[in-house]
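The lines below spell out each chain.
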Amino acid sequence: MKSVMKRVSLLLSAVMLSATVMTGCSSSGEVSSETAQSSSTDALETASSDEIPTLTWYMPGNPTAMTSEGYEAVSEELNRYLEEKIGCHLELKIFAFSEYAQKCSTVISSGEPFDLMFTCDWLNNFATNAGSNAYLPLNDLLEANAPEAMADIPEYMWQATTIDGNIYAMPALQTYAKNDGLFLRADIAEQLGVEGSSYENGADTYTLEDVGNMYAELVQEYPGVIPDDCGGILWTYLDEYYGFNFLGGFDVPGVVRFSDEGTVIDQFQSEEFMEYCKTVYDWVQKGYMQPDYATYVTMTDQITIDRKSPDHMTYRQGFTAPNVASMAVSDCGWEEEPVPVILSEKYAVTSGVTQSLTAVGINSKYPEKAVQLYNLAYSDPYFVNTMIYGIEGVNYTKISDTEVDVIQDSNYVRPLEPYAIANQFITWVQAGAYPADMWEQIQAFCEDATPSELFGFIFDSSSVKSEVANCSAIYEEYKYPLLCGAVDPETAVPELLSRMEAAGSAKIIEEMQRQVDEFLANK
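## A word on the overall build of the protein chain
Logical step 1: The helix and strand tally for the protein chain stands at 20 helices and 19 strands.
Logical step 2: Rg of the C-alpha trace for the protein chain: 22 Å, near the compact-globule value of 24 Å for 523 residues, within the 12% margin.
Logical step 3: C-alpha extents for the protein chain along the principal axes are approximately 70 × 50 × 45 Å.
Logical step 4: Counting only residues that meet the buried cut, the protein chain has 60% of its 523 residues in that class.
Logical step 5: Surface exposure of the protein chain reaches about 20000 Å², of which carbon and sulfur atoms provide 47%.
Logical step 6: Distance between charge centres in the protein chain, computed from 26 positive and 79 negative side chains, equals 3 Å.

Dropping the structure here:
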């Protein structure tokens, strides 16, 4: 497996990329465009039709990072380009990360047609939606409509999006190795005497108790300052730290320990889960985290503002890698690269692939065109970088072949994350915030990750979809108050477990164990 990973890393540097189209932004935070008409036709469309089809693509992002005028200008350029390339337009619907999953759930439940949708294991759950017949099987569409992606993306990545023989999503090439940790502002790390971790796997790691001790020192030294970043639910950033390989997403019962990947357990019944809940509850009480953390974590705009504050001391973004350090510099406006405090070993797991996927809607009217659009997003660098950075001279200045200066006070300031589109490895980087050789660094970062024994396994929830839906709904009720320290875990955790048991958590574990046994037997 390790040799496979190294070959994949070498492959990534040669991959070419592109992206989608965008249009104006509404007061609700949704970004959309008018359906465009034209007298020209694409050879792939019905010859008798003079209408250029408009595809919809649901994406999480930051719709407040652009004005309607800026978005419309970028959309006009991208739609022109898209029309020439594959004969369609795109209505891109962007929602803040905090509301994205709920919006997608509503769209899927209503049967509303859509063409493309960002999905993953941590937001808008891929396995659950695929098991609920929300996404279209793509096996018969990919060879003809996504030749570049099919030629470049390795087989194991397609296996990670395959359920019961059907490919239900198209993966993005991005950082596939995962670890856990956070970044300390450089001067704060120096003050605490923290030298930081090496990005080498397993070197110089810290514990959550170590982090708590750092926070204790900081709240004493800086009264009233919140040391933790609070930019996400900490539990979802600690799976590797607790030694868990999540098999169905954070909202579904069922994980294996890296120390015993043949045995499925219920993470909510584990000692680690109770330990986490007690820790975050204690940290909120002690002022290490926002007093209203359960609400604050959903306030995307406020988090963006607070990260620019001179009092902001830490940064976390799901894993700890060189590109995340550069994200911290950009997001927080820090002048020096922050110091990594890594909490876990680095693993190559299925969720490293399923953390960024694009699915085609089961009711899509243009499935072939949707796959072509993904393939264009994968293989055309001009398209994706215009989508991310906007118009040259208006929204950014080109510094080199791989670097841009973002014009921060323009009307379009990087509203989408490159990792969420199709292929991060040939997107441009922000000069000063990211090193020019960022993607080479990431390839090296991924090479020494420990491969999971279950790499490529993905849970097919179709036989327990009712139980999964019910347990996921219960998780959503408890996610913010319990995982963000607003309620006493001694009371709330037993309540959660009782309700999940009644909803069928044991049946999910049993079915997941059966599939794990079958997967390992066929390796």
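## Some thoughts on the sheet that holds strand β7 (residues 177–178)
Logical step 1: Strand order in the open sheet made by the three strands is β7-β14-β19, with mixed pairing throughout. Only two strands of the sheet have a single neighbouring strand rather than two, namely β7 and β19 (450–451).

## Examining the packing of helix α13 (residues 322–332) against helix α17 (residues 438–447)
Logical step 1: Contact geometry of α13 with α17 gives a least axis separation of 8 Å together with a crossing angle of 135°. By the angle between their directions, the pair α13 and α17 is classed as oblique. In this structure, α13 contributes Pro322, Asn323 and Ser326 to the contact, and α17 contributes Met438, Gln441, Ile442 and Phe445.
Logical step 2: Classifying every residue of the contact of α13 with α17 gives four nonpolar, three polar and no charged.

## Some details on the sheet that holds strand β18 (residues 429–430)
Logical step 1: An order of β16-β17-β18 is seen for the three strands of this open sheet, with the pairing classed as mixed. This sheet does not close on itself; its edge strands, each paired only once, are β16 (396–398) and β18.

## What about the confidence of the model for the protein chain?
Caution applies to low-pLDDT parts of the model: their predicted coordinates are not meant to be read in detail.
Logical step 1: Here the protein chain averages 88 in pLDDT, and 90% of its residues register 70 or above.
Logical step 2: Confidence over residues 1–49 falls short of pLDDT 50; this stretch has 154 contacts with residues more than four positions distant or in other chains.

## Quick word on the pairing of strand β13 (residues 339–342)
Logical step 1: Here β13 shows a buried face lined by Val339 and Val341 and a second buried face lined by Pro340 and Ile342.
Logical step 2: The pairing of strand β8 (residues 181–184) with β13 spans four bridges and is antiparallel. Pairing of Leu184 across the sheet is with Val339, part of β13.

## Some remarks on helix α20 (residues 505–521)
Logical step 1: Taking 1.5 Å per residue, 17 residues should reach 24 Å; α20 reaches 24 Å between its end C-alpha atoms and fits that length.
Logical step 2: Tucked inside the fold, the buried residues of α20 contact β10 (255–257), β11 (260–265), α18 (465–483) and α19 (489–503).

## Some words on the nonpolar core
Logical step 1: The biggest cluster of nonpolar side chains holds 97 residues, and the ones touching the most others in it are Leu92, Phe126, Tyr135, Met170 and Leu373.
Logical step 2: It is helix α15 (residues 367–379) that provides the largest number of residues to this core, a total of seven residues.
Logical step 3: Once you skip the residues sitting within four places of it in the chain, Phe126 turns out to touch Thr119, Cys120, Tyr135, Ala160, Thr161, Ile163, Tyr168, Ala169, Leu357 and Ile458.
Logical step 4: One finds Val211, Tyr242, Phe457 and Leu483 within the second-largest nonpolar core, a separate group that totals 68 residues.

The rules we used
- Residues numbered from 1 in each chain as written.
- Predicted model: local features only at pLDDT ≥ 70, side-chain atom pairs only at ≥ 80, totals over all residues.
- Heavy atoms only, no water.
- Helix = DSSP H or I, 4+ residues; strand = E, 2+ residues; numbered from the N terminus.
- Rg over C-alpha atoms; globule rule 2.2 N^0.38 Å.
- Buried < 20%, exposed > 50% of the residue type's maximum accessible area, 1.4 Å probe, protein only.
- Areas by Shrake-Rupley, 256 points an atom, 1.4 Å probe, with all protein chains shown as cover.
- Lys, Arg positive; Asp, Glu negative; His and termini not counted.
- Charge placed at Lys NZ, Arg CZ, Asp CG, Glu CD.
- Pairing = 2+ DSSP bridges.
- Axes fitted to C-alpha atoms, helices over the stretch in contact; angles between N-to-C directions.
- Parallel < 35°, antiparallel > 145°, perpendicular 65-115°, else oblique.
- Contact = heavy atoms within 4.5 Å.
- Nonpolar A, V, L, I, M, F, W, Y, C, P; charged D, E, K, R; others polar.
- pLDDT = per-residue confidence, 0-100.
- Expected span 1.5 Å × (residues − 1).
- Core = buried A, V, L, I, M, F, W, Y, C linked by side-chain atoms within 4.5 Å.

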